[in-house]
Amino acid sequence: MHLTRFRINTARQGARSLLASPQRLHAAVMSSFADALPSAAPGPRTLWRLDQNAKAEVLLYIVSESRPDLTHLVEQAGWPTTGGWQTYDYQTFLNGLQTGTTWAFRLTANPVHHIRRKEGEPTKRTAHITPHHQMGWLLARQEASGFRILETPAERRRLPQGDEFQLTVRDERRHRFEKTGQQTGRPHRVPLVTVTFDGRLEVTDPALLRQTLTLGLGKAKAYGCGLMTLAQAV
């Protein structure tokens, strides 16, 4: 497994085009692999995420089984003469995860649930639209994903409710793009709501957490969702 980091040059026209469309960016990411073929087989998949830390600091992270070649991205949306990308051995880090260790984490996800608007109608996938429900979506998945989000000590809580965990949600983004229906063959508009979670966690099951870090968490993985990364907790 590999973890790749690439800084996007936001001043370039090609970069602005990619940043405006999760579909175009997904296609650019998948073009980084000579052997990339559609597959329904279970196993590690290519995950990616954009971290927009500032207007001029936008980072693309990719987790993949194969080592990527981002030459085309450097030419289109980077610094062709001075810039590049960094790819690291991710498997060594994954193998070193241990129960009880704590980490800071970041995750961009598509928190959704299924509702039935009228009696007798099929359920419909719908985005959570409040921070409370978005946090609840992640908290409901922590045990099965191999981690526990740390609680905020009582003396450090600033609110009577909603401040119980060391978890924040930010950068809600709403996208709409066309997608061709598998059954009808007709294009239709697809809404996508994404948010970014930052927080601190404790490893409860290293094997499950390795799956989460390599297979992703939640829906819309092709559009920059599901990639969780860890960093040393401070």
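This text goes with the structure placed above it.
What you are looking at is a predicted structure, and each value in this text was computed from that prediction instead of being measured. (Residues numbered from 1 in each chain as written. Predicted model: local features only at pLDDT ≥ 70, side-chain atom pairs only at ≥ 80, totals over all residues. Heavy atoms only, no water.)

## Structural notes on the overall build of the protein chain
Next, step 1: Of regular secondary structure, the protein chain possesses six helices and eleven strands.
Next, step 2: By residue count, 41% of the 234 residues in the protein chain fall in the buried class.
Next, step 3: Sequence-distant contacts in the protein chain: of pairs separated by 6 or more residues, those separated by 24 or more amount to 68%.
Next, step 4: Accessible surface, the protein chain: about 13,500 Å² in total, of which carbon and sulfur atoms supply 50%. (Helix = DSSP H or I, 4+ residues; strand = E, 2+ residues; numbered from the N terminus. Buried < 20%, exposed > 50% of the residue type's maximum accessible area, 1.4 Å probe, protein only. Contact = heavy atoms within 4.5 Å. Areas by Shrake-Rupley, 256 points an atom, 1.4 Å probe, with all protein chains shown as cover.)

## A few points about the packing of aromatic side chains
For any two aromatic rings, the description comes down to two numbers: the centre-to-centre distance and the angle of the planes.
Next, step 1: According to the stated counting rule, one finds four aromatic pairs in the structure shown.
Next, step 2: Between the aromatic rings of Tyr-90 and Phe-93, the centroid separation amounts to 5.8 Å while the plane-to-plane angle is 5 degrees, which identifies the pairing as stacked.
Next, step 3: For Tyr-90, a relative accessible area of 5% translates into the label buried.
Next, step 4: The exposure class of Phe-93 is partly exposed, given its relative accessible area of 26%.
Next, step 5: Considering the side-chain rings of Trp-137 and Phe-197, the 6.3 Å spacing of their centres and the 10 degrees angle between planes classify their relative orientation as stacked. Taken together, the positions of Trp-137 in helix α5 (residues 131–139) and Phe-197 in strand β10 (residues 187–203) put the pair 60 residues apart, joining distant regions of the chain. The burial state of Trp-137 is the same as that of Phe-197; both residues are buried. (Phe/Tyr/Trp six-rings, centres within 6.5 Å; stacked < 30°, edge-to-face > 60°.)

## Concerning the environment of His-128
Next, step 1: By secondary structure assignment, the location of His-128 is in the loop between β7 (124–127) and α5.
Next, step 2: Between the C-alpha atom of His-128 and that of Pro-111, which follows or precedes it by 17 residues, the distance is 5.8 Å.

## Here we look at the pairing of strand β1 (residues 2–8)
Successive residues of a regular strand alternate their side chains across the two faces of the sheet.
Next, step 1: Of all seven residues that make up β1, five are buried, and the element is covered over most of its length.
Next, step 2: Strand direction decides the pairing type here: β1 and strand β3 (residues 57–64), joined by seven bridges, are antiparallel. Its bridge partner being in β3, Leu-3 is matched across the sheet by Val-63.
Next, step 3: In this sheet, strand β4 (residues 85–89) lies alongside β1 in antiparallel orientation, the contact comprising five bridges. Bridge pairing in β4 places His-2 opposite Asp-89. (Pairing = 2+ DSSP bridges.)

## A few points about helix α6 (residues 206–215)
Next, step 1: Along α6, the residues classified as buried are Pro-206, Leu-209, Thr-212, Leu-213 and Thr-214.
Next, step 2: Measuring from the side-chain oxygen of the N-cap residue of α6 to the backbone nitrogen of Ala-207 gives 3.1 Å; that N-cap residue is Asp-205.
Next, step 3: Gly-216 occupies a position one or two residues after α6 and carries a positive phi of about 90 degrees. (Polar contact = N/O pair within 3.5 Å; in protein donor to acceptor, adjacent residues only side chain to side chain.)

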